[in-house]
Amino acid sequence: MTCLPMAAGTGRAAVAAATLRPHHPTEAAMASVSEIMSSDVQVVAPEDSLRAAAQLMQDRDVGALPVCEGNTLVGIVTDRDIAVRGVAGGLDPDQDRVSDVMTDGVEVCSADDDAQAVMRLMGDMQVRRLPVVGGDGRLMGIVSLADLATRQTAPVDQAVREISEPGPAEES
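Computed from a predicted structure; not experimentally measured.

Caption draft 1: The arrangement of the sheet that holds strand 5 (residues 139–144) in detail. Reading across from one edge, 3-4-5 is the order of the three strands in this open sheet, with mixed pairing throughout. One side of each edge strand has no neighbouring strand; the edge strands of this open sheet are strand 3 (109–110) and strand 5. Note that strand 3 and strand 4 (residues 129–133) share two bridges and pair parallel. Bridge assignment links Ser 110 to a residue of strand 4, and that residue is Val 133. Against the sheet, helix 5 (residues 115–125) touches strand 3, strand 4 and strand 5, its axis set at about 135 degrees to strand 4.

Caption draft 2: A look at the pattern of salt bridges. In total, this model carries three salt bridges according to the counting rule given. Its salt-bridge partner being Arg 60, residue Asp 40 comes within 2.9 Å of it at the nearest N-O pair. Of this pair, Asp 40 sits in the loop between helix 2 (33–36) and helix 3 (50–60) while Arg 60 sits in helix 3, and the two are 20 residues apart along the sequence. Overall, the relative accessible area of 61% leaves Asp 40 in the exposed class. Residue classification places Arg 60 among the partly exposed positions, given a relative accessible area of 28%.

Caption draft 3: How the structure looks around helix 3. Of the residues making up helix 3, those classed as buried are Leu 50, Ala 53, Leu 56 and Met 57. Along the axis of helix 3, the buried positions cluster into a sector of 130 degrees, meaning they face one direction only. Residues of helix 3 that are exposed and angled more than 90 degrees away from the buried face: Gln 58 and Asp 59. On the buried face of helix 3, the contacting elements are strand 1 (64–69), strand 2 (72–78) and helix 4 (79–87). Asp 61, located one to two residues past helix 3, shows a positive phi value of around 55 degrees.

Caption draft 4: Region of interest: the pairing of strand 4. Most of strand 4 is tucked away, with four of its five residues classed as buried. Taking the residues between adjacent antiparallel strands as the criterion, strand 4 and strand 5 are bridged by five residues, where Gly 137 takes a positive phi near 85 degrees.

Analysis parameters
Residues numbered from 1 in each chain as written. Predicted model: local features only at pLDDT ≥ 70, side-chain atom pairs only at ≥ 80, totals over all residues. Heavy atoms only, no water. Pairing = 2+ DSSP bridges. Helix = DSSP H or I, 4+ residues; strand = E, 2+ residues; numbered from the N terminus. Contact = heavy atoms within 4.5 Å. Axes fitted to C-alpha atoms, helices over the stretch in contact; angles between N-to-C directions. Salt bridge = Lys/Arg side-chain N within 4 Å of Asp/Glu carboxyl O. Buried < 20%, exposed > 50% of the residue type's maximum accessible area, 1.4 Å probe, protein only. Arc of directions from axis to C-beta.

Here it is in structure tokens:
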């Protein structure tokens, strides 16, 4: 797990960096992401098969895996990506690759970021997980909404509401 994040300014990562500070100076500092993240993270490569990624998710009991090309974080793949974009889209789990269904332009957060600010970012971006990088840019872990709900004291209800709102593709 020595994967580096995408290049600065790629995707919405620049927005993420500006958003991760508490909204109000009087807001109490919450736990840092490093205190609540999952640090034992497995990664997959873009050229790995969908079946290999799904098997790793099953073996590790996780719903998402960072995708790394060498030492560079290039995306994230979720169980939903494999099921909806892959299987429902008619892809062959043995022949088609993680790169065919993964999400690129992935957001990241820092291990030093305030957990409550990251929770707000997750709500704003409608994501349930963020890769966590250290000061040297190396992948340190992943923080999920479940980590936030079970390992810190701030309420997660607003983030859950925002994440659960229909996105543009889901609106009728």
